[in-house]
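# Geometric and topological summary
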Amino acid sequence: MNISSLLFFFCSLIALYVNKDRFENNVFKLLAASIILTVLGELSLWASEGVSGFF
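The sections below set out a description of the structure shown in this document. (Residues numbered from 1 in each chain as written. Predicted model: local features only at pLDDT ≥ 70, side-chain atom pairs only at ≥ 80, totals over all residues. Heavy atoms only, no water.)

## Focus: helix α1 (residues 3-18)
Inclusion rule: Secondary structure elements follow DSSP: runs of H or I no shorter than four residues count as helices, runs of E no shorter than two count as strands, and numbering proceeds from the N terminus. Helix span, as expected, comes to 1.5 Å for every residue beyond the first. Each residue gets one of three labels from its accessible area relative to the maximum for its type: buried under 20%, exposed over 50%, partly exposed in between, using a 1.4 Å probe on protein chains only. It is the directions from the helix axis to the C-beta atoms that the arc portrays.
The end-to-end C-alpha distance of α1 is 22 Å, a good match for the 22 Å that 16 residues give at a rise of 1.5 Å each. Every buried residue of α1 is listed here: Ser5, Phe9 and Leu16. Seen from one end, α1 has its buried residues packed into an arc of 35°, which puts them on one side. In α1, those exposed residues whose orientation departs by more than 90 degrees from the buried face are Ile3, Leu7, Phe10, Tyr17 and Val18.

And the structure:
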């Protein structure tokens, strides 16, 4: 994982929030949760790579 992927997900979350009136409330929440969980998954993979080398 690198900074560019974090920047991409952060920008996509901002774009989603700016255009949230175009989505139903439940869809907006699910998309936001998906982006946040993806970032957390990437961070956990990055942390495990740092500890043990590759996995």
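## Describing the packing of aromatic side chains
Each aromatic ring pair is characterised by the separation of its centres together with the angle its planes make. So the rule is basically this: Stacked, tilted and edge-to-face pairs are distinguished by plane angle, under 30 degrees for stacked and over 60 for edge-to-face with tilted covering the rest, among Phe, Tyr and Trp rings (Trp via its six-membered ring) whose centres lie within 6.5 Å.
In the structure shown here, the tally under the stated rule is 1 aromatic pair. The interplanar angle of 65° and the centroid separation of 5.5 Å between the aromatic rings of Phe8 and Phe9 together place this pair among those described as edge-to-face.

## Concerning the environment of Ala32
Put simply, the test is: Any two residues whose heavy atoms approach within 4.5 Å at even a single point are treated as in contact.
Following the sequence through the fold, Ala32 ends up in helix α2 (residues 25-52). Sequence spacing of Ala32 and Tyr17 is 15 residues, and the spatial spacing of their C-alpha atoms is 8.3 Å. Apart from residues lying up to four places away in sequence, Ala32 is in contact with Leu13 and Leu16.

So, to be careful, I would describe these as geometric facts and stop short of saying anything about function.
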